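Results of the structural survey
Listed below are the residues making up each chain.
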Amino acid sequence: MAQPLLRAVDICKSFSGVQALKHVSLEIQPGEIHCLAGENGCGKSTLIKVISGVYQQDSGYIEFAGKRFGKITPRDAIASGIQVIYQDFSIFPNLTVMENLAFNTELADGHKFVNRKRMRKIAEEAIAKINFDVELDRLVGTLSVAEKQMVAISRALMFNARLIIMDEPTTALTRKEVQALFKIIMHLKEQGIAILFVSHKLNEVFEISERFTIFRSGELVVTGNTSDLDDRKFTYYMTGREFEDKLFTPQNLSKEPVLEARGLGLTGFFDDVSFALRKGEILGVTGLLDSGRTELALSLFGIRPADRGALYKDGKEVRLKSPQDAIDARIGFVPEDRLSEGLFLPRSIADNVVISEIDRLANGAGVLDRAKRRAEIDRWVKELAIATPDPGNACLTLSGGNQQRIVLAKWLACNPDVLVLNGPTVGVDIGSKHDIHAILQRLANEGMAIIIISDDLPEVLENCSRLLVLKAGRVVKELLPAETSEQEVLSYML
Amino acid sequence: MGIGAKFGAIYRRDRHISRLILMMIVWAAFMAITRFDKFYTLINFQTMASQFPEFGLMSLGIMVCMITGGIDLSTVGVANLVSICMATLMKGMANEESEIAAYVIPLCFLIAILMGALAGAFNGLLVSKVRIPPILATLGTSELFTGIGIVITDGKAVSKLPRMYSSAINSKIFGLIPTQLVFFAAMALVTWFLLMRTTYGTKIYMIGTSSKAAVFSGIRTDLLLVKTYMLSGICSALGGMVMLANYNSARADYGTVYTLQCVLIVVLGGVNPNGGSGRISGVVLAICLLQMLQTGINRFPQISSYYISLIWGAVLILVMVLNYFTEHNIRLFKARRS
C-alpha cells in the first residue's frame, strides 16, 4: 500500500475536563474518499479542527505527506494542502463571487491596490477547475446554498489542496445539488485529491465513500471498507443500540376522515392537492425541496393560507387563515426548523411545553393557575422522557432529540386531533430518531391522525401507512409504503 | 456554610438585582457619612418619593415594550399631550374663581388613561400591523404627539390651573406618603401581576424571545403587541398627570430628557434590549437608585447640578460593563479554592 497522505495517530483532546477525543487514529490515502461518521458530539468536528490546526491536541501526532507534525498550526495545514469547507463556508456574503475568490491570493501577494482585471483572471481560473458556471459579479449573499458551496470549493482548490475536508456538506442541499456535489467530488478524486467527508447520513456514506470511520463519544468505534457496511451495522456503530425496524400498520382507523383536503392550492407553490386522513393513520408527504411540500405544511397550519380549494375537519369546512384558526380546529404543527420556529431556546423547558395551551391553564381573566401549570409540565416531561434535572432549565441546554420532544410535548399538550410534522427528525441523532418514530406510531394507534412531511425516504416508508409524492406542486402518485421501495418513490419525485 | 457563602449564593441568584442593591447601599452609606443630617430626613425622602414617579411610570411603560423586543420612545410625548389636554379641560371646567368640583379630578384621570391607551394602541398598530420597527414608529409618534401639543398651546405653557388639582396630588396620605408614590406603586404592582401571574406576561416574554416561534406556537402576536403599547401609553399618561401636578402647569416640551433617561433606567434594571428578559424589581431599584443619586448630589452645594448627567452616565456604563462580564462569565476576581 502506498504511503498514506494523512495519518493522525493516537490523538487525545479534552476541553475543561471533558475528553472529546480518546486516543483516536485516522489514516487517509491519496485520492481516497473517506467518510467520517458519528452522532452529534461524538468528536468528529474536534478531530477536523485538530487536523486543520484550529485546536491543538493534548497528545498524539499528525503526519501529512510523510512529514510529521507535533502540533500543526492553521498556517502549516494550509501550506501543506489541507483545506476545510465548514458548514457556513466562511465566505463573505456582501462581496461578489470574484472578490471572494481573489481575496486570499490578493492578500497573500501583498497587493495594496485593487486591480479588477487581475482579480477576474484569478477567479475565472478558480471556477474553471470544477466547471462551475456562475456570474462573477453576483453578490455571494444572493447565491443559493449549493452555489455558495461551489464558491467555497473553488476557493479551497486555489491553494493546491491535497486533502479537502467537508463538514456535513449536504445538510442544506436538494437531492439534485447533492448529486452535482458528488460529481465534483469524483472529479477531484481523479485529480488525486483526497476527500474527508463528514456526514451522519447513511445513504451518502454508501454512495460516495470507499472507506469509513465511525466515532462514538470521542472514541473510534470502527474503520473499514464501505462495502462491508450495511444499514443495521451502521446504526449499531453510531448509537451502540440495536433497533428493530418495523413497518407501521394502522390499527384503529376511524370510518370517517378527520381531515379532508379537496383541490387545495396556493398560487406559485402547490395546486390541486386532495387527500382524506382518518384517525389512527399516518400519512406521509414527500417531494424535493422545491416541490411545495413545506408550503403545503404551512398551509395546513394557517401560516400561509391556501387560496384555492377547501379543507374539511370532521366533515365541516374550515378556513385556516392563521395558526390560531388551526389550533381552534385542533390541528398541531411541528415546524421544520426547530431552533427558530419550534422553540424559544433561551426560555425554560416549562414555558416551552405549556406556551400553546397556556390559555387553558388560566381562569377567564387570564390569571395563571400555577398548580395546573406545574402539573402539566411534570406530566409531559415524564410522558416524553425529556432528560432534564429541572424543567426550569433553558431549552438551550438540551440535545437535539430532547428539544424535538419538547416541540412534540407542546403540541400533544394541546390535545390535537391532527398533528402535522414537517421534517420531524431533521438534525436529530439516530437514537432519538427511533424514539420519536416510536412515539408517533404510538400516538397514531391511540387515535391521532398524523401527517409526516419529510424528504427522508426511509423515515416516511417506515412510519407512514400511505405516502403522497409531490412534484412541482402536484400530487403525482399515491403509494403504499409496504408495497414500494425507495427507488420507486425517487423515480416519482425526480 | 458560612455567612459569607450564604451571601455569595444570594448574590449569584440574580446578579443584576444584587448589584443594584449593593450600589444603593454604598451610596446610602456615603451619604450617611458625608451629609447625614441633610439626606436622612423625612422631608427629603418624601420629596424623593414625589419626584421619581414621573419618570418611574414612564420607565414601567418602556420596560414592558422592551420585554417584547420593542421600545417606546413616545412616552414623554404622550405624557405632555395628556397633561396639556387635561390642564385645558380643567381650566375649562373651572368657575370664575378657578375652582373645580371634586368629581373633575377622577374624571380627568379616567380620560387621561383612555387617551394614553388610545395613543398606545396607535403605536401598537404601527408596530404590529404596519410592521414599522418600534424605534422608528414611536420616535415618529413622539414627534406627532409633541407637535399636537405645540399646536394646541402655541408652544406656551398652560398655567394658572385650578389649585385644587395640584394640592390634591401633592398631598400626603396619612400625612406621610406622597400621593404620587401611590400611583407609581399601584402601577408597578399591576405590571408585576400582569408579567408574573397572567398568560399575557408569559406570552410577551415569549414574543420577546422569538417572535417567529411565537407565531408558530399560535400566539396572537399582533394583538399582544397592541396591548403592550397600550399599557405603556397608560403608564405615560399617568406620568403626565403626575408631572402636571408637580409643575402645576403643562407644556409640550417638559421632561424631554426623560425619554432617554427612562430607556437607560430600564436597561440598567436588567431588561435585555433585545427582548425576552427583565424583572420589574430590577427596574424599580434602578429608578430609586437614580433618584437617590440625583437628590444626593444636590445635597452638595459646591457640586453643580450639571454633574448629575456625568455621574449618571458613569454609573450606567459601569453597570453595563459589569453585566458584560457576568454574561460572558469572566471573573474579575479569581475565587480562592478552599
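Residues numbered from 1 in each chain as written. Chains lettered and ligands numbered in written order. Predicted model: local features only at pLDDT ≥ 70, side-chain atom pairs only at ≥ 80, totals over all residues.

It is worth spelling out the overall build of chain B at this point. Tallying secondary structure elements over chain B gives 14 helices and 2 strands in all. Its C-alpha atoms give chain B a radius of gyration of 21 Å, within 12% of the compact-globule value 20 Å for 338 residues. Seen through its C-alpha atoms, chain B measures out along the principal axes to roughly 80 × 60 × 35 Å. Evaluated residue by residue, chain B yields a buried proportion of 44% over its 338 residues. Sequence-distant contacts in chain B: of pairs separated by 6 or more residues, those separated by 24 or more amount to 78%. (Helix = DSSP H or I, 4+ residues; strand = E, 2+ residues; numbered from the N terminus. Rg over C-alpha atoms; globule rule 2.2 N^0.38 Å. Buried ≥ 20, exposed ≤ 12 C-beta atoms within 10 Å, placed from the backbone. Contact = placed C-beta atoms within 7 Å.)

Moving on, we come to the overall build of chain A. Within chain A one finds 17 helices and 20 strands. Radius of gyration (C-alpha) of chain A: 25 Å, near the 23 Å computed for a compact globule of 494 residues. With respect to the three principal axes, the spread of C-alpha positions in chain A is 70 × 50 × 50 Å. For chain A, the residues scored as buried account for 44% of the 494 residues in total. Sequence separation of at least 24 residues holds for 69% of the intrachain contacts in chain A that already meet a minimum separation of 6.

On to the interface of chain B and chain A. Counting residues at the interface gives 16 residues for chain B and 22 residues for chain A. Taken together, the elements giving at least two residues each to the side of chain B that touches chain A come down to helix 9 (199-209) and helix 10 (211-216) of chain B. Looking at the side of chain B that touches chain A, the element that brings in the most residues is helix 9 of chain B, giving 5 residues. Residues that form the side of chain B that touches chain A fall into these classes: 5 nonpolar, 8 polar and 3 charged. (Nonpolar A, V, L, I, M, F, W, Y, C, P; charged D, E, K, R; others polar.)

Next up on the list: the domain arrangement of chain A. Residues and elements named next belong to chain A. The domain architecture assigned to chain A consists of domain 1 (6-239) and domain 2 (257-493). Taken together, the contacts link 7 residues of domain 1 with 7 residues of domain 2. With 3 residues, the top contributor of residues to the side of domain 1 that touches domain 2 is helix 8 (residues 231-239). Of the residues belonging to the side of domain 1 that touches domain 2, the class tally is 1 nonpolar, 4 polar and 2 charged. (Domains from an automatic or database assignment.)

Moving on: helix 2 (residues 15-39) of chain B. For an α-helix, the turn length of 3.6 residues means that residues three or four places apart are oriented alike. All names here are of chain B. In this model helix 2 runs just 28 Å from its N-terminal to its C-terminal C-alpha over 25 residues, more than 12% under the 36 Å that 1.5 Å per residue would give. Approximately 80° is the largest bend angle found in helix 2, and it occurs at Ile33. When helix 2 is considered as a whole, its buried residues turn out to be His16, Arg19, Leu20, Met23, Met31 and Phe39. (Expected span 1.5 Å × (residues − 1). Bend = angle between axes of the 7 residues up to and from the residue.)

Quick look at the sheet that holds strand 14 (residues 308-313) of chain A now. Residue and element names in this part refer to chain A. What the 4 strands build is an open sheet, ordered 12-11-14-15; its pairing is antiparallel. The open sheet is flanked by strand 12 (270-278) and strand 15 (316-318), the only strands paired with a single partner. Neighbour-to-neighbour, the strand axes of the sheet open up by a mean angle of 25°, direction not taken into account. As defined by bridge partners, strand 11 (residues 257-266) adjoins strand 12 across 6 bridges and the pair is classed as antiparallel. Bridge pairing in strand 12 links Leu266 to Phe270. (Pairing = 2+ DSSP bridges. Axes fitted to C-alpha atoms, helices over the stretch in contact; angles between N-to-C directions.)

Right, let's talk about the sheet that holds strand 13 (residues 282-286) of chain A for a bit. Residues and elements named next belong to chain A. Strand order in the open sheet formed by 6 strands is 16-17-18-13-19-20, and the pairing between neighbours is mixed. Strands with a single pairing partner mark the edges of an open sheet, and in this sheet they are strand 16 (331-334) and strand 20 (474-479). Each strand of the sheet is rotated relative to its neighbour by a mean of 20°, with strand direction disregarded. Where strand 17 (residues 418-422) lies against strand 18 (residues 449-453), 5 bridges are found, and the strand directions are parallel. Paired with Leu419 across the strands is Ile450, a residue of strand 18.

Membership of the largest hydrophobic core comes to 167 residues, with the highest contact counts inside it found for A:Val420, A:Ile450, B:Val82, B:Val266 and B:Val283. Looking at this core, the element that brings in the most residues is helix 11 (residues 221-247) of chain B, giving 15 residues. The contacts of B:Val266, once residues within four sequence positions are left out, are B:Ser59, B:Ile62, B:Met63, B:Met66, B:Val271 and B:Val283. Core analysis: the next-biggest nonpolar cluster, separate from the first, contains 65 residues, A:Leu21, A:Ile48, A:Ala77 and A:Phe89 among them. (Core = buried A, V, L, I, M, F, W, Y, C linked by C-beta atoms within 7 Å.)

All names here are of chain A. For Asn225, the position within the fold is in strand 10 (residues 219-225). Asn225 gets classed as exposed once you count the C-beta atoms within 10 Å, which come to 10. Distance from Asn225 to Ser209, taken between C-alpha atoms, is 8.6 Å for residues 16 residues apart in sequence.

This brings us to the packing of helix 3 (residues 42-67) of chain B against helix 8 (residues 179-197) of chain B. The packing of two helices is summarised by the inter-axis angle and the distance between the axes. All names here are of chain B. Following both chains from N to C, one finds helix 3 and helix 8 inclined at 20°, their axes separated by 8 Å at the closest point. It follows from the interaxial angle that helix 3 and helix 8 lie roughly parallel. Considering only the axes of helix 3 and helix 8, their crossing is left-handed. In contact with Ala49, Ser50, Pro53, Gly56, Leu57, Leu60 and Val64 of helix 3, helix 8 contributes Gln180, Leu181, Phe183, Phe184, Met187, Ala188 and Thr191. Broken down by class, the residue content of the contact of helix 3 with helix 8 amounts to 10 nonpolar, 4 polar and no charged. (Parallel < 35°, antiparallel > 145°, perpendicular 65-115°, else oblique. Left-handed = near helix turned anticlockwise from the far one by under 90°.)

Residues and elements named next belong to chain B. Where helix 4 (residues 75-93) meets helix 6 (residues 134-153), the axes come as close as 8 Å, and the angle between the chain directions of the two elements is 25°. By the angle between their axes, helix 4 is roughly parallel relative to helix 6. Handedness of the crossing formed by helix 4 with helix 6: left-handed. Facing Val76, Gly77, Val78, Asn80, Leu81 and Ile84 of helix 4, the residues of helix 6 in contact are Thr141, Ser142, Phe145, Thr146, Ile148, Gly149, Ile152 and Thr153. A breakdown of the residues in the contact of helix 4 with helix 6 according to their chemical character gives 7 nonpolar, 7 polar and no charged.

All names here are of chain B. In this model helix 11 runs 39 Å from its N-terminal to its C-terminal C-alpha over 27 residues, within 8% of the 39 Å that 1.5 Å per residue would give. Judged by how many residues are buried, helix 11 sits mostly within the fold: 22 of 27 residues are covered. Two residues or fewer past helix 11, Asn248 is found with a positive phi of approximately 55°.

For the rest of this paragraph, the subject is the pairing of strand 9 (residues 211-216) of chain A. Two faces, one strand: in a regular strand the side chains alternate between the faces of the sheet. All names here are of chain A. Note: strand 3 (residues 33-38) against strand 9, 5 bridges, orientation parallel. When the bridges of strand 9 are listed, Cys35 appears paired with Phe212. Taken together, the 6 bridges between strand 9 and strand 10 define a ladder with antiparallel strand orientation. Opposite Arg211, over in strand 10, you have Asn225 as the bridge partner.

The next thing to look at is the pairing of strand 13 of chain A. Residues and elements named next belong to chain A. Across the 5 residues of strand 13, 5 count as buried, placing the element largely inside the fold. Side chains Ile282, Gly284 and Thr286 project from strand 13 onto one buried face, and the interleaved Leu283 and Val285 project onto a second face that is buried too. Bridge count for strand 13 against strand 18 is 4 bridges, and the pairing is parallel. For Ile282, the partnering residue across the bridge sits in strand 18 and is Ile450. Bridge count for strand 13 against strand 19 (residues 466-471) is 4 bridges, and the pairing is parallel. Opposite Leu283, over in strand 19, you have Arg466 as the bridge partner.

All names here are of chain B. With 93% of its residues at a pLDDT of at least 70, chain B reaches an overall mean of 88. Within chain B, helix 1 (residues 3-13) has the poorest average pLDDT of any element, 68, and helix 5 (residues 104-128) the best, 96. Note that pLDDT drops below 50 for residues 334-338; the model gives that stretch 0 contacts with residues more than four away or on any other chain. Reported for the predicted complex are a pTM of 0.78 and an ipTM of 0.83. (pLDDT = per-residue confidence, 0-100.)

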